[in-house]
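Architecture and fold: a report
Now for the letters of each chain:
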2 protein chains.
Amino acid sequence: MKPLKEMSKDELKDLLTKLENEYNEIKAKNLNLNMARGKPESLQLDLSMPLLDTINSQSNLNKAMDYRNYGILDGTDEAKVFMAELLETTVDHVVVYGNSSLNIMFDQISRGYTHGYLGNAPWCKLDKVKFLCPVPGYDRHFAITEHFDIEMIAIPLLEDGPDMDMVKEYVENDETVKGIWCVPQYANPTGTSYSKETVERFASLKPAAKDFRIFWDNAYIIHHLYDDNQDHVENILTACEKAGNPNMVFEFCSTAKVSFPGAGISALATSIDNKEDILKHMTVQTIGHDKINQMRHVEYFKNLDGLKMHMKKHADILRPKFESVLDIFEKELGGLEIGTWTQPKGGYFISFYALDGCAKDIVKACKEAGAILTNAGATYPYGKDPKDSNIRIAPSFPPMDELKQAAQLFTLCVKLVSVKKYLNV
Amino acid sequence: MKPLKEMSKDELKDLLTKLENEYNEIKAKNLNLNMARGKPESLQLDLSMPLLDTINSQSNLNKAMDYRNYGILDGTDEAKVFMAELLETTVDHVVVYGNSSLNIMFDQISRGYTHGYLGNAPWCKLDKVKFLCPVPGYDRHFAITEHFDIEMIAIPLLEDGPDMDMVKEYVENDETVKGIWCVPQYANPTGTSYSKETVERFASLKPAAKDFRIFWDNAYIIHHLYDDNQDHVENILTACEKAGNPNMVFEFCSTAKVSFPGAGISALATSIDNKEDILKHMTVQTIGHDKINQMRHVEYFKNLDGLKMHMKKHADILRPKFESVLDIFEKELGGLEIGTWTQPKGGYFISFYALDGCAKDIVKACKEAGAILTNAGATYPYGKDPKDSNIRIAPSFPPMDELKQAAQLFTLCVKLVSVKKYLNV
């Protein structure tokens, strides 16, 4: 087919009739499909079942101390070593937490709001606090800053990272800008990664606010789809240290999409001063996180090599899914010029850009025919995509046959809505 | 021996010489004893080791949903039923959390501070916020309110609960009073429990502040020392409902001192409106707590009967320790009129009241001879006991022989410091 914009009105009308027939046929099937959230599928969860055998009633849990008892704020020695290797840093920079890195991020924002960082004023005492939000981005990040009434400023996410000219302009001239949300590797939802230059430009920022922090959510740090064709983002902690900005970053990661999303372990890496500041707060907040689960993870994965081996098994399940979706997109939409999409080498998402003003209608049409997508707009602060163009595709959760049906239906809806747009109906 | 206050100066001097000799002999032994924290001892932790076998690689974790995956904010169905039975309420009132009830309490205070309860103003926007603190009380409670710059007002803890005339006076006339810390059963550190009348007086309060909340830390809800001689505190949720104050209480509990202090599960019980308010906040904060660990606990303990059976085994370890300490206190200090102490039927602590002005010196003398106690003053807001009298004794952690040595040393230090006080040296 030729690009839709080159079609005559009659050609478009014929196409619309054909697409509507197809759509109604599918609708009649009462499908129940879901490409909304970045959840691992059941087969992926099965991969980690042996982890549940590593600790049992015969295990010796009495290591540096009795890990069954109260104590240890920053994680077991073994878990710190394990997470430090993953984060390419040393144990003195690491705090190992419970099952949710989202919760660590929430806590850091909340701590900034209630107590401030390293002696700076708590944000709740300031008239205005702003965060930069590369877009499209992760809806749960934006939900946290919105919850704390922090003004969010959208920054375009380019192929090699956020628009750093714009970031620099804001960060260096506006002291109400206290942070930026980043997913540096296989970003949610684009699947793209930050370049070396982007990382270096981040590290050499000279923030107007002393308490400006980069929230570096390295959620997909080892979540590659390919053995040979992988992204690798420069170490932001080291880069910030070298640039004389050691305290400027909080880095987050977890095993949510490595072991179990509900029962993994998570970690924060930051400067030694920041860590000390965090522990002062944590010592009031908790008597420590689940050390037995930390131990379970270390016993099972051993080290970074063990993790990498395990992630290959995830990739073997995820890769065909990504490729199927991309194949269907190419086959159904290639050459029509009614959409572009990313081709990630890792992570959990594909980002689709429809013709301006079409995303909401596409998501709605999918829903009415039985396929749930992430809400259009969800990838922007306040849920508002100014162009109404971006749609996040999450291929991981549905089994392959359902995924293919959903992707097929999606492309149909893209065509349908685009034709209507051109016909102005 | 007769009461010290009836001794002549010469008698006291002779006694001092004798005590100092005994003290120096013990000091020379370079002991390393600890009666400071309410930690279970190793034998108690052994009791729950089979819990670690209940979930393994062959377990079916796919229940109401796949518990290995993201999701479920308020806990698994099974864990809610389990915790609801323990808390004598229904699942719609319960949220099951991760490993730390302290963290739930911190989160509730933090939420009051940043967002307010049920539409009331966030505390950070108010000029003044106060909390009532029954004393002696739990140092970690006081640490949370101090951390959020909340003014703490000490309320005497009487034998049947806090001085309710004083509580009523503050709560009903001062709208800056937003909460009160309570450990209703086997209180930390007195081991005493609130009477039925106290609970009813709490429930019928008419707070000046709409967002006044009772923080009901039911940490020792099933932590009895005896089969036949147990305290049982009235259900505060039901009492508040009946009195037309359904939203006035947050109740907390955990399995920290049932299974593993570092790896248990915890819960909050409150009104349906409060729960909804909490979940709105939690949905931004986390994707849910560790459902596999929740399942592990339910599979192992089954229900309240299972819990009670298990707690008897804890009691069998703890009871002789409490009784040994109390025997030594009676034998060494009985009749001297230089101290009183509580005789708990459950919980983790004994509370000792020395002669006014002696607590710090006693703790110091113990420390110098090799026995660590909870800091004098720790049981009061800001760490300041106005009478310098209360000392918290925690018999649980040391093995029996060390505990006896520590208790013996403690009584020696009480005598030594008291004699010096009478002699004014």
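See the structure printed just above.
Everything numeric here is computed off the predicted structure, so don't read it as measured data.

Here we come to helix H10 (residues 291–301) of chain B. For H10 of chain B, the buried fraction is high: 9 of the 11 residues fall into the buried class. Among all positions in H10 of chain B, only Lys291, Ile292, Asn293, Gln294, Met295, Arg296, His297, Val298 and Phe301 of chain B are buried. In the core, the buried residues of H10 of chain B are packed alongside helix H10 (291–301) of chain A together with helix H3 (77–86), strand E2 (94–97) and helix H11 (304–333) of chain B. Measuring from the backbone nitrogen of Ile292 of chain B back to the side-chain oxygen at the start of H10 of chain B gives 3.0 Å, which picks out Asp290 of chain B as the cap. Count one or two residues on from H10 of chain B and you reach Lys302 of chain B, which has phi positive near 70 degrees.

What follows covers the interface of chain A and chain B. Put simply, an interface is often sized by how much accessible area is lost when its parts join up. Tallying the contact residues gives 57 residues for chain A and 57 residues for chain B. Broken down residue by residue, the surface that chain A buries against chain B is led by Arg68, Tyr70 and Val284 of chain A, which jointly contribute 16%. Summed over the shared surface of chain A and chain B, the result is 2 salt bridges. Here Asp46 of chain B ties to Arg68 of chain A by a salt bridge, and the two come within 2.7 Å at their closest N and O atoms. Here chain A is connected to chain B by 22 residue pairs in polar contact (both at pLDDT 80 or more). Broken down by secondary-structure element, the contributors of at least two residues to the side of chain A that touches chain B are helix H2 (42–46), helix H4 (101–114), helix H5 (139–147), helix H9 (272–285) and H10 of chain A. The leading source of residues in the side of chain A that touches chain B is H4 of chain A, at 7 residues. Taken together, the residues that form the side of chain A that touches chain B break down as 24 nonpolar, 21 polar and 12 charged.

Residue and element names in this part refer to chain B. Here strand E3 (residues 130–135) lies mainly inside the structure; 6 of its 6 residues are buried. Of the two faces of E3, the one lined by Lys130, Leu132 and Pro134 and the one lined by Phe131, Cys133 and Val135 are each fully buried. The pairing of E3 with strand E4 (residues 151–158) spans 6 bridges and is parallel. Bridging from a neighbouring strand, Pro134 pairs with Ile155 of E4. A crossover connection joins E3 to the parallel E4 through helix H5 (residues 139–147); in handedness this β-α-β unit is right-handed. Sheet topology places E3 next to strand E6 (residues 177–182); 3 bridges connect them, and they run parallel. Bridging across to E6, Leu132 finds its partner in Ile180.

Turning our eyes to something else, we now look at the relation of the copies chain A and chain B. In this arrangement, two copies of a chain are superimposed by a rotation about an axis accompanied by a shift along the axis. Once chain A has been moved 0.0 Å along the axis and rotated by 180 degrees, it coincides with chain B to within an RMSD of 0.0 Å. The superposition operator between the copies reduces to a two-fold rotation axis. When the interface residues of chain A are mapped onto chain B, 100% of them are again interface residues, pointing to one common binding face.

So, how was this worked out
- Residues numbered from 1 in each chain as written.
- Chains lettered and ligands numbered in written order.
- Predicted model: local features only at pLDDT ≥ 70, side-chain atom pairs only at ≥ 80, totals over all residues.
- Heavy atoms only, no water.
- Buried < 20%, exposed > 50% of the residue type's maximum accessible area, 1.4 Å probe, protein only.
- Helix = DSSP H or I, 4+ residues; strand = E, 2+ residues; numbered from the N terminus.
- Contact = heavy atoms within 4.5 Å.
- Polar contact = N/O pair within 3.5 Å; in protein donor to acceptor, adjacent residues only side chain to side chain.
- Buried area = accessible area lost by both parts, 1.4 Å probe.
- Salt bridge = Lys/Arg side-chain N within 4 Å of Asp/Glu carboxyl O.
- Nonpolar A, V, L, I, M, F, W, Y, C, P; charged D, E, K, R; others polar.
- Pairing = 2+ DSSP bridges.
- Right-handed = clockwise from strand over helix to strand, strands pointing away.
- Least-squares fit on C-alpha atoms with pLDDT ≥ 70 in both.

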